[in-house]
Amino acid sequence: MLIEVTINGSRVKAHVDAGATLYQFLRDRGLFSVKCGCSSSICGMCTVLLDGKPILSCSMLAARADGHNITTLEGVQKEAEEIGRFIAGEGAEQCGFCNPGYMMNTIALLRENPNPTEDEVLKYLSGNLCRCSGYQGQLIGIMKYVEYANSLSKEGV
Ligand code: FES
Ligand code: FES
């Protein structure tokens, strides 16, 4: 079937197989930040934004994205780099496999709630699995970023 979607601000028209996942559709278009760790809605690595809300692209048919806006990490580079700096500052930079999904959910959280508590961060990101960390460094980095972003908005920057 023919679908038309907006990906990172660009209109794309394409024919998709009825059974193709959104994950495969995005990878086929060179959006290699989108990763697959499980194909079964468990790990969060394939997270992208659909009309600004995080969804698992491994578990959604590409056909269902017809008419919607998709954002991948490639479309939020500046935001991701800024938040990533704070996480790296805590020595908790993540691998290229789990980081894109983690970052997409972090960005979605901060857009919905620019001043989350630690519990809210942990809850929102609980679907993003990392095999190698205790999540503490990432949490501290995000909270420091929140403090920084709020201080900028108070100054009107
Ligand atoms: S690859 Fe989609 S949740 Fe794991
Ligand atoms: S840093 Fe990527 S899985 Fe742990």
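Use the structure listed above.
Per chain, residues are indexed from 1 in the order of the written sequence. Chains carry letters from A onward and ligands carry numbers from 1 onward, assigned in written order. In view of the model being predicted, local features appear only for residues whose pLDDT reaches at least 70, and side-chain atom pairs are presented and counted only at 80 or more, with totals across whole chains, interfaces and linings using the full set of residues. To get the side-chain values, take all heavy atoms of the structure and skip hydrogens and water.

Chemist: So what exactly am I meant to see when it comes to the pairing of strand β4 (residues 53-56) here?
Modeler: Two faces belong to every sheet, and in a regular strand the side chains alternate between them. Across four bridges, strand β3 (residues 47-50) lies against β4 in antiparallel orientation. Its bridge partner being in β4, Leu-50 is matched across the sheet by Lys-53. Should DSSP find at least two bridges between two strands, the strands are regarded as paired. Elements are defined by DSSP. Helices are runs of H or I of four residues or more, strands are runs of E of two residues or more, and each kind is numbered from the N terminus. Between β3 and β4, which pair antiparallel and follow one another directly, the connecting turn spans two residues, one of which, Asp-51, has a positive phi of 50°.

Chemist: What should I look at first to understand the packing of aromatic side chains in this one?
Modeler: Aromatic ring pairs are described here by two measures, namely the spacing of the ring centres and the angle between the planes. Here a pair means two rings of Phe, Tyr or Trp (six-membered ring of Trp) with centres within 6.5 Å. Their orientation is stacked below 30 degrees between planes, edge-to-face above 60, and tilted elsewhere. Per the counting criterion, the structure on display carries three aromatic pairs. Aromatic side chains Phe-86 and Tyr-148 sit 5.1 Å apart centroid to centroid with 40° between the ring planes, which places their arrangement in the tilted category. Within this pair, whereas Phe-86 is found in helix α2 (residues 77-89), its partner Tyr-148 is found in helix α5 (residues 136-155), the two being separated by 62 residues in sequence. A 1.4 Å probe rolled over the protein chains alone gives each residue an accessible area, and that area as a share of the maximum for its type sets the label: buried under 20%, exposed over 50%, partly exposed in between. For Tyr-148, a relative accessible area of 28% translates into the label partly exposed. Ring geometry for Tyr-145 and Tyr-148: centres 6.2 Å apart, planes at 50°, overall tilted. In this pair, Tyr-145 and Tyr-148 are both assigned in helix α5, three residues apart and thus about one turn of the helix distant. On the basis of relative accessibility, which here comes to 11%, the residue Tyr-145 falls in the buried class. Taken together, the ring pairs connect Phe-86, Tyr-145 and Tyr-148 into an aromatic cluster.

Chemist: Help me understand the state of the cysteines, please; the structure alone is not making it clear to me.
Modeler: Should the sulfur atoms of two cysteines be covalently bonded, the bond is a disulfide. When two cysteine sulfur atoms are found within 2.5 Å, that pair is recorded as a disulfide. If you walk through the whole model with that rule in mind, you get zero disulfides. Between Cys-36, a cysteine without a disulfide, and Cys-58, which holds the nearest cysteine sulfur, the sulfur-to-sulfur distance is 5.7 Å. For Cys-36, a relative accessible area of 24% translates into the label partly exposed.

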